Amino acid sequence: MLLPSIFNKTFQDDFFDDFFSMPERPHHFMPNVVSTMKTDIQEFDDRYKMDLELPGYGKDDVKVSLKEGYLTIAAEKSESKDEKDSDGKYLRRERSYGSMQRSFYVGDDVTENDIKAKFKDGILSVEVPKNKELPKTEEVKYISIEG
């Protein structure tokens, strides 16, 4: 008996593999799917530079915060498109919402004044100074006295 190609095992495996790897899918496929921020990190002698991709987000959609040594970048966006005809009936009504968040441990001695951030063309660039190494103090070691 010949079965339609939809029942072909190869097709099913590919379908479910593709279905469950949705974060890899483009946003137009599933606009409400939360994805991760693609991040490039460069190390320099005195600082780290992070470039985070935030396509479709604007500067006002992005928040950068520092708490207890963790640098957190959060992006949130909601959009609503309503189109009505002359009688006020909806021809199209679409809503979308998306958010992303990512945290990096930068150390307790880094302050918000030390961190520089710039947003341009959907890329957030953040520069964080390296932790300053404190001079090592010699630990006093005592020798036990017998007797």
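All values derive from a computational prediction rather than experimental measurement. (Residues numbered from 1 in each chain as written. Predicted model: local features only at pLDDT ≥ 70, side-chain atom pairs only at ≥ 80, totals over all residues. Heavy atoms only, no water.)

(A) Fine view of the sheet that holds strand E7 (residues 123-129). Strand order in the open sheet formed by 4 strands is E1-E2-E7-E6, and the pairing between neighbours is antiparallel. Both edges of this open sheet fall to strand E1 (39-43) and strand E6 (116-120), since each of them pairs with a single strand only. Taking the axes of each pair of neighbouring strands and ignoring which way they run, one obtains an average angle of 15° across the sheet. When E6 meets E7, the two strands line up antiparallel, connected through 5 bridges. Across the sheet, Lys116 pairs through a bridge with Glu127, a residue of E7. (Pairing = 2+ DSSP bridges. Helix = DSSP H or I, 4+ residues; strand = E, 2+ residues; numbered from the N terminus. Axes fitted to C-alpha atoms, helices over the stretch in contact; angles between N-to-C directions.)

(B) Representation of the sheet that holds strand E3 (residues 62-67) within the structure. One open sheet holds the 3 strands; their spatial order is E3-E4-E5, and the pairing between them is antiparallel. The outermost strands of the open sheet, each flanked by one partner alone, are E3 and strand E5 (90-105). For this sheet, the mean angle separating the axes of adjacent strands, direction not counted, is 15°. Of the strand pairs in this sheet, strand E4 (residues 70-84) and E5 are connected by 15 bridges, and their pairing is antiparallel. Along E5, the bridge assignment pairs Glu83 with Arg92.

(C) Examining the pairing of E6 more closely. For E6, the tally of buried residues reaches only 0 of 5 residues, placing the bulk of the element at the surface. The turn linking E6 back onto E7 is made up of 2 residues, and Asp121 within it adopts a positive phi angle of 55°. (Buried < 20%, exposed > 50% of the residue type's maximum accessible area, 1.4 Å probe, protein only.)

(D) Inspection of unusual backbone geometry at higher detail. The residue Glu68 is not glycine, and still its phi comes out positive at about 50°. Position of Glu68 relative to the elements: it lies in the loop between E3 and E4. For Asp121, which is not glycine, the phi torsion reads 55° and is therefore positive. You can see Asp121 is positioned in the loop between E6 and E7.

(E) Region of interest: the packing of aromatic side chains. Across all of its chains, the model carries 1 aromatic pair by this definition. Where Tyr70 meets Tyr105, the ring centres are 5.0 Å apart and the plane angle is 65°; that geometry is what we call edge-to-face. With Tyr70 in strand E4 and Tyr105 in strand E5, the pair connects residues that are 35 residues apart, well separated along the chain. Directly above the ring of Phe44 sits Arg47, whose terminal nitrogen or CZ lies 4.2 Å from the centroid. Just above the ring of Tyr48 sits the side chain of Lys130; from NZ or CZ to the centre is 5.5 Å. (Phe/Tyr/Trp six-rings, centres within 6.5 Å; stacked < 30°, edge-to-face > 60°. Lys NZ or Arg CZ within 6 Å of the ring centre and 35° of its normal.)

(F) Highlighting the environment of Tyr90. Its location among the elements puts Tyr90 in strand E5. Among all residues touching Tyr90, those that are not within four sequence positions of it are Asp82, Glu83 and Lys84. (Contact = heavy atoms within 4.5 Å.)

(G) Here's a closer look at the nonpolar core. Core analysis: the largest hydrophobic core is formed by 17 residues, its most contacted members being Leu52, Leu54, Leu71, Ile73, Val126 and Val128. Within the residue set of this core, elements represented by two or more residues are strand E2 (47-53), E4, E5 and E7. Setting aside chain neighbours within four positions, we find Ile73 in contact with Met37, Leu52, Val62, Lys63, Val64, Met100, Gln101, Arg102, Phe104 and Leu124. (Core = buried A, V, L, I, M, F, W, Y, C linked by side-chain atoms within 4.5 Å.)

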